[in-house]
Amino acid sequence: MKRSNRPIFWSLFGAGGMLSALVGPMLIFITGVAVPLGFLLPRDTLSYERMLAFAQNGFGKVVILAVIGLFLFHGLHRIYHCLHELGLRLGHGWMAVFHGLAAVGTLVTAYLLVAIG
Amino acid sequence: MKTYMRTMNGWWRRNPFYLWYTLREWSAFFLTAYALVLLFGLARLAQGEAQYEAWRASLATPAAVVFHVAAMLIVLYHAWTWFKVMHKTLPFVRIAGHRVPDGAIFAAGIVSSLVLSLLLLWGLA
Amino acid sequence: MNGKANSTIAIECLRYDPQADETPRYQTYEIPFTDEMSVLEGLQYIKDHLDGSLTFRWSCRMAICGSCGGMVNGVPRLSCETFLRDYYPEGLRLEPLTHFPIQRDLAVDQTDFLVKLRSIKPYIIPEAPKPVSEGTFLQTPQQLDEYYQYSQCINCLLCYAACPQYGLDREFTGPGALALLHRYNADSRDAGKAERMGLVNADEGVWGCTLVSYCSEVCPKGVDPARAVNQNKVESTKDYFMRFVAPRRNR
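Residues numbered from 1 in each chain as written. Chains lettered and ligands numbered in written order. Predicted model: local features only at pLDDT ≥ 70, side-chain atom pairs only at ≥ 80, totals over all residues.

Broken down by element type, chain B carries four helices and two strands. For chain B, whose C-alpha radius of gyration is 21 Å, the value lies well above the compact-globule estimate of 14 Å for 125 residues. Projected onto its principal axes, the C-alpha positions of chain B cover 70 × 55 × 25 Å. Taken across its 125 residues, chain B has 26% of its residues classed as buried. Here the contacts in chain B between residues at least 6 apart in sequence split such that 43% fall between residues at least 24 apart. (Helix = DSSP H or I, 4+ residues; strand = E, 2+ residues; numbered from the N terminus. Rg over C-alpha atoms; globule rule 2.2 N^0.38 Å. Buried ≥ 20, exposed ≤ 12 C-beta atoms within 10 Å, placed from the backbone. Contact = placed C-beta atoms within 7 Å.)

Before going further, it helps to spend a moment on the interface of chain B and chain A. It is common to give the size of an interface as the accessible area lost on bringing the parts into contact. Facing 43 residues of chain B, the contacting portion of chain A comprises 42 residues. Counting residues per element, the ones that place at least two in the side of chain B that touches chain A are α1 (16-47), α2 (49-59), α3 (62-89) and α4 (102-124) of chain B. The element best represented in the side of chain B that touches chain A is α1(B), accounting for 14 residues.

This next bit is on unusual backbone geometry. All names here are of chain C. The amide bond that connects Tyr88 to the next residue, Pro89, takes the cis arrangement and shows omega of 5°. A positive phi angle, near 70°, is found at Leu157, a position not held by glycine. Within the fold, Leu157 resides in the loop between α3 (141-145) and α4 (158-162).

Our focus in this paragraph is the sheet that holds strand β2 (residues 25-32) of chain C. All names here are of chain C. Pairing in this open sheet of five strands is mixed, and the strands run β2-β1-β5-β3-β4 from one edge to the other. This sheet does not close on itself; its edge strands, each paired only once, are β2 and β4 (75-78). On average, each strand axis in the sheet is tilted by 35° relative to the strand beside it, whichever way the strands run. One ladder, built from three bridges, connects strand β1 (residues 8-15) with strand β5 (residues 92-95); its direction is parallel. Note that in β5 the partner of Glu12 across the bridge is Arg93. Packed onto the sheet, helix α1 (residues 39-50) meets β1, β2 and β3 (69-72) and runs at close to 95° relative to β2. (Pairing = 2+ DSSP bridges. Axes fitted to C-alpha atoms, helices over the stretch in contact; angles between N-to-C directions.)

The subject of this paragraph is the packing of α1(B) against α2(B). All names here are of chain B. Their axes nearest at 6 Å, the elements α1 and α2 cross at an angle of 150°. On the basis of their axis angle, the class for α1 and α2 is roughly antiparallel. For α1 against α2, the interelement crossing comes out left-handed. Across from Phe40, Gly41, Arg44, Leu45 and Gln47 in α1, the residues of α2 making contact are Gln51, Tyr52 and Trp55. A class-by-class count of the residues in the contact of α1 with α2 yields four nonpolar, three polar and one charged. (Parallel < 35°, antiparallel > 145°, perpendicular 65-115°, else oblique. Left-handed = near helix turned anticlockwise from the far one by under 90°. Nonpolar A, V, L, I, M, F, W, Y, C, P; charged D, E, K, R; others polar.)

Moving on, we get to the environment of C:Phe113. Residue and element names in this part refer to chain C. Secondary-structure assignment places Phe113 in helix α2 (residues 111-119). A sequence separation of 61 residues divides Phe113 from Gly174, and the C-alpha atoms of the two residues are 8.2 Å apart. The residues contacting Phe113, other than those within four sequence positions of it, are Leu157, Tyr160, Gly174, Gly176 and Ala177.

Attention now goes to the domain arrangement of chain C. Residues and elements named next belong to chain C. The domain boundaries assigned to chain C delineate domain 1 (8-108) and domain 2 (111-245). Distance from the C-alpha centre of domain 1 to the C-alpha centre of domain 2: 30 Å. If you list the elements that add at least two residues to the side of domain 1 that touches domain 2, you get β3 and β4. The class makeup of the residues in the side of domain 1 that touches domain 2 is seven nonpolar, four polar and one charged. (Domains from an automatic or database assignment.)

Residue and element names in this part refer to chain C. Position of Met242 relative to the elements: it lies in helix α9 (residues 225-245). On the basis of neighbour count, Met242 is assigned to the exposed category, with 12 C-beta atoms found within 10 Å. For the pair Met242 and Gln103, spaced 139 residues apart in the sequence, the C-alpha separation amounts to 45 Å.

A word on the environment of B:Lys84. Residue and element names in this part refer to chain B. Structurally, Lys84 can be placed in helix α3. Of the residues examined, Lys84 has 17 C-beta atoms within 10 Å and is grouped as partly exposed. In this structure the C-alpha to C-alpha distance between Lys84 and Trp122, which are 38 residues apart in sequence, comes to 26 Å.

Below is the structure:
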């Protein structure tokens with residue numbers, strides 16, 4: 001039988017799954033609920049000045065790239081399976097397409113992080 | 001020899017176990033959407049203050065908050081189930097010859113998540 | 001619980017006669033019920049007293065032969081280990097194992113599994129031939145523990161009926177065969193891991209699994225095939241990347 005390239009995809013899926021399992025819910029809570037509503041955290045936590053400083057900082061760039069990139073790899077990998085499970089006859093080659101989309105998202109993120117300075 | 005093959009249509013509805021599995025898998029749509037929200041915010045950040053502030057204001061709309069609450073809950077379910085099955089991917093873990101129970105591996109994951117999440121919240125407050 | 005005289009219970013069975021039926025139909029039988037009856041005993045009553053044409057597999061009556069697997073109210077179960085009292089008084093519906101072609105009534109065509117079982121080389125492949133004169137293999141309790149649960153498989157196919165990935169893609173090697181593959185790889189007497197890796201590494205191998213884990217839920221022997229399969233995802237990943245670092249002959 002032909003060797004699968006799944007290990008590459010699975011590693012990315014796993015890394016994203018672990019990261020999102022560890023801090024996903026809290027991140028969503030902070031950026032999507034707490035800060036916009038000023039609940040438990042002040043509204044200016046995500047202010048332009050603070051976010052720009054974070055994105056321009058080396059550590060901040062790594063965090064942003066890791067979060068967006070790995071969440072995309074994990075999510076799109078699983079979305080492939082969701083569609084397959086609905087009955088769509090997507091062959092094994094389609095996994096590369098979904099990961100390709102995640103790679104595009106990651107590259108755009110990297111480009112933006114470089115552009116931000 | 002003539003045989004009969006049954007359909008897989010609607011298989012996920014046939015058993016509560018499959019329904020919960022499908023919910024777990026569909027958390028991916030919300031996680032991907034959230035990543036795209038962040039990516040969009042980053043793009044707005046790169047464009048300038050006015051554009052970024054407009055994006056930030058959109059996060060406070062009822063629709064955005066409802067989406068994020070839903071996303072948070074379903075990603076929480078992903079986290080729970082992730083740690084629940086984590087032991088299946090690991091070889092038997094042994095300490096001093098005794099096998100570490102699967103429940104301990106689950107607990108370690110949950111505790112790690114709680115600690116990191118609370119540190120994140122506390123660090124920003 | 002009822003052991004009262006004259007209690008009855010309704011068993012609805014899927015019926016399919018390949019020579020007479022285009023599609024399966026259902027037939028309900030009302031049988032006398034007592035607390036200690038298994039579903040298998042219910043089926044045997046039907047066959048002995050009500051309808052000799054009802055076809056179903058069984059043998060040991062004690063959950064070791066793996067013959068009597070079927071769907072009880074949509075859940076994969078061994079009929080010898082499932083009791084009518086748990087479905088009393090509303091009754092139950094019996095169907096053959098899902099994801100397998102129906103041969104007749106409650107009997108399915110198991111050929112696909114048998115082919116896959118053979119393909120994983122389900123036997124010890126020792127490092128070197130060991131003649132009887134050299135004595136037995138020695139194993140510590142810990143070495144036994146590494147593979148023992150996987151050796152309990154009775155080939156009942158409940159895990160295949162449980163696995164939606166197998167249902168969606170019949171090319172998938174499936175939980176049972178992959179668990180048995182791991183049973184041999186994990187056995188200290190075996191040195192055949194390299195020979196089995198080709199199957200592990202394929203899309204139809206471990207990569208067909210998405211950790212639904214219903215297989216492990218329904219396994220009557222505690223094999224935990226989900227674990228066996230997913231251990232090998234790590235192995236397969238290591239193998240994938242290690243071939244650049246330390247190529248071996250048949251990587």
